Amino acid sequence: MAFTFGQKDPLLVKVNKLTSTKTQLPYSYYSLPFCKPNTIVDSAENLGEVLRGDRIENSPYVFEMGEPKMCQIICKAKIDDKQAKELKEKIEDEYRVNMILDNLPLVVPLARQDRGATVYQAGYHVGVKGQYAGNNDKKSFIHNHLAFLVKYHKDETTDLSRIVGFEVKPFSINHQFEGPWNDKNTRLITCDPHASKLLVNSDTPQEVEAGKEIIFTYDVGFEESDIKWASRWDTYLLMIDDQIHWFSIVNSLMIVLFLSGMVAMIMLRTLYRDISRYNQLETEEETQEETGWKLVHGDVFRPPANSDLLCVCVGTGVQFFGMLLVTMIFAVLGFLSPSNRGGLMTAMLLTWVLMGLFAGYASSRLYKMLKGSEWKSITLRTAFLFPGIAFGIFFVLNALIWGEKSSGAVPFTTMFALVLLWFGISVPLVFVGSYLGFKQPAIEAPVKTNKIPRQVPEQAWYMNPAFTILIGGILPFGAVFIELFFILTSIWLHQFYYIFGFLFLVFIILIVTCAEITIVLCYFQLCSEDYLWWWRSFLTSGSSAIYLFLYAGFYFFTKLQITKVVSGMLYFGYMLLASFAFCVLTGTIGFYACFCFTRLIYSSVKID
């Protein structure tokens, strides 16, 4: 919804969390000794915002539409030892202050030397480390003067304006004044609106030191802009080098599509020749002399070891697949834009919960085919295995965040809401899905299974399960690793991610790649008279999660500057959870592709 403002209408400036890419631990704005309004009011936040650590509150800044202000004093604060220590730590860890005006985040314009263009940094730094001339000792200086610039687009017909930009230039200035202090009516020597003395540099910075007083001030300027309200987020979404992004993704898609086409062509031609040859065999001698995948027809649909766990994993994978598909469709249609803070995470959580219906259905259908009879047992495991592991990791990491007194720690009420979603909606839906799935007639195998299992002949080294599983994960990971870089950057370097159209294409390519590489390796396995394909089909494409986790480690050591042990544990804890989810998702895609493939080829040949 677009808000319009007339001349002198009040503009509500809100403060958000303090963030740092070095610690990944957000803190509330008022955890530092900044000026406070008479009453601090928390804004209503959705579930996604709370989980992201957003803490949106009102601020002491007073803006009026179209009314510039110079050197407005907010307050004078005396810093004690504890506050000075906290400020120095936040400056050392390069924390940024985030603010919001009319749902637009505050940005700092930065000149880019190599292109002569302007890029924008989300939020301004609490302060900087520096030194006085002739002194080598590093000091901490706080940004206590903010020069705000509000950009607006004027409607010619109504004479009302809409906010299209919110920028700031921070300064550190050791303010001086004459005479006794009289709150906001004191005239400063360092910047004086009556004498039109503006701040343009930080030549005399304000040092952070216990016992010192800091005067906080701000300017407000207004600038008319040609940017229309509908396009105001474009500035924020072009923070990254999008040209490299586009070329890299297109290049990756072309390579994967070419490989997929080659694989599909080879498979179709080889299979067609196999099926034709098998169906032309007439004599028993010819049949006995024949080798290949037809020989294992009596064992290929034999239930595998640990079939219960396989059913649970496949059901969970279906749940993930449904969640990602629905969420990405909504994102592509524009319902989950970055302007809707926390919307993406909220949508993913709710979709995951609702997809429990399909998880239960898929696991029970497969379970019944594999001659299982205890459908309630498989339902409970489907409902609790992955969510239980995820909740356990999340609970431990949240306790670590609590220990750091970060605003990123999820409150007890939100934790209770998550448990309620899990037990109150997800678990019942899994039970409903399982009941419906188990009521369906069992999926019939196209060939009969022998009573005595056939011995698997000794396999060549290149058909070793560990080798083929590890090889199988390379191509699916190759389909997504470029996009993965931008996703990791948006999460851990606090940038906006918005190219959901390309992400959806990459997701489709991932599905095709997982399916084709699994089918090819399954075909080679059956041709080697190894019929133990159930788990291997799941793990072949699922092994791409190993490469994802290794890449996450590479990204951690090459792109991030995390120094705290707790922050490192947070990163690897969440990436381990993401890799596990990716394994279940890609493994399920590969399993279903192989399942359909084996049913298709064995129903296409005449079995005597």
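Residues numbered from 1 in each chain as written. Predicted model: local features only at pLDDT ≥ 70, side-chain atom pairs only at ≥ 80, totals over all residues. Heavy atoms only, no water.

A word on the overall build of the protein chain. Regarding its fold elements, the protein chain presents 16 helices and 15 strands. Counting all 608 residues of the protein chain, 50% fall into the buried class. A separation threshold of at least 6 residues defines the contact pool for the protein chain, and within that pool the share at least 24 residues apart is 80%. In the structure as shown, the protein chain presents an accessible area of about 29800 Å², 61% of it carried by carbon and sulfur atoms. A distance of 4 Å separates the average location of the 51 positive side-chain charges in the protein chain from that of its 54 negative side-chain charges. (Helix = DSSP H or I, 4+ residues; strand = E, 2+ residues; numbered from the N terminus. Buried < 20%, exposed > 50% of the residue type's maximum accessible area, 1.4 Å probe, protein only. Contact = heavy atoms within 4.5 Å. Areas by Shrake-Rupley, 256 points an atom, 1.4 Å probe, with all protein chains shown as cover. Lys, Arg positive; Asp, Glu negative; His and termini not counted. Charge placed at Lys NZ, Arg CZ, Asp CG, Glu CD.)

So, on to the environment of V128. As for its position among the elements, V128 is in strand 11 (residues 127–130). According to the relative accessible area criterion, V128 is partly exposed, its value standing at 37%. Linking V128 and I142, residues 14 residues apart in sequence, is a C-alpha distance of 6.6 Å. Sequence-distant contacts of V128, that is, excluding residues within four places in its chain, are made with I91, K139, S140, F141 and H143.

As a further point, take the pattern of salt bridges. Under the defined criterion, the tally for this structure stands at 11 salt bridges. Across the pair K564 and E404 runs a salt bridge, and its minimum N-O distance is 3.6 Å. Here E404 lies in the loop between helix 9 (375–403) and helix 10 (412–439) and K564 lies in the loop between helix 15 (544–559) and helix 16 (565–603), a separation of 160 residues in the sequence. Taking the shortest distance from any N to any O, the salt bridge between D530 and R536 comes out at 2.7 Å. Overall, the relative accessible area of 8% leaves R536 in the buried class. (Salt bridge = Lys/Arg side-chain N within 4 Å of Asp/Glu carboxyl O.)

Per-residue confidence for the protein chain gives a mean pLDDT of 84, with 90% of residues at or over 70. Note on residues 283–290: pLDDT under 50 across the span, and seven contacts to partners over four residues away in sequence or across chains. (pLDDT = per-residue confidence, 0-100.)

A few words on a nonpolar patch on the surface. There is a patch of nonpolar side chains on the surface, built from W461, Y462, F467, I471 and I474 and spanning about 550 Å² of accessible area. Of note, I471 is situated in helix 11 (residues 465–472). Looking at I471, the relative accessible area reads 39%, which means it is partly exposed. (Patch = residues over 30% accessible without salt bridge, like charges linked within 9 Å, V, L, I, M, F, W, Y side chains within 5 Å.)

With respect to the secondary-structure elements, N144 resides in the loop between strand 12 (139–142) and strand 13 (145–154). In this structure, the C-alpha to C-alpha distance between N144 and I173, residues 29 residues apart in sequence, is 6.7 Å. When sequence neighbours within four positions are dropped, the list of residues in contact with N144 reads F171, S172, I173, H175, Q206, I214, I215, F216 and T217.

For the pair helix 6 (residues 307–332) and helix 16, interaxial distance at closest approach is 8 Å and the crossing angle is 100 degrees. The angle between helix 6 and helix 16 falls in the class roughly perpendicular. Across the interface between the two elements, L310, C313, V314, T316, G317, V318, F320, F321 and L324 from helix 6 touch A581, V584, L585, T588, I589, F591 and Y592 from helix 16. Its residues placed into classes, the contact of helix 6 with helix 16 shows 13 nonpolar, three polar and no charged. (Axes fitted to C-alpha atoms, helices over the stretch in contact; angles between N-to-C directions. Parallel < 35°, antiparallel > 145°, perpendicular 65-115°, else oblique. Nonpolar A, V, L, I, M, F, W, Y, C, P; charged D, E, K, R; others polar.)

Bringing the domain arrangement of the protein chain into the picture now. For the protein chain, the domain assignment lists domain 1 (9–236), domain 2 (306–444) and domain 3 (473–607). Measuring from the centre of the C-alpha atoms in domain 1 to the corresponding centre in domain 3 gives 42 Å. Across the contact, 12 residues belong to domain 1 and 11 residues belong to domain 3. Summed over the three residues of domain 1 that lose the most area to domain 3, namely T21, K22 and Q24, the buried surface amounts to 49% of that side. (Domains from an automatic or database assignment. Buried area = accessible area lost by both parts, 1.4 Å probe.)

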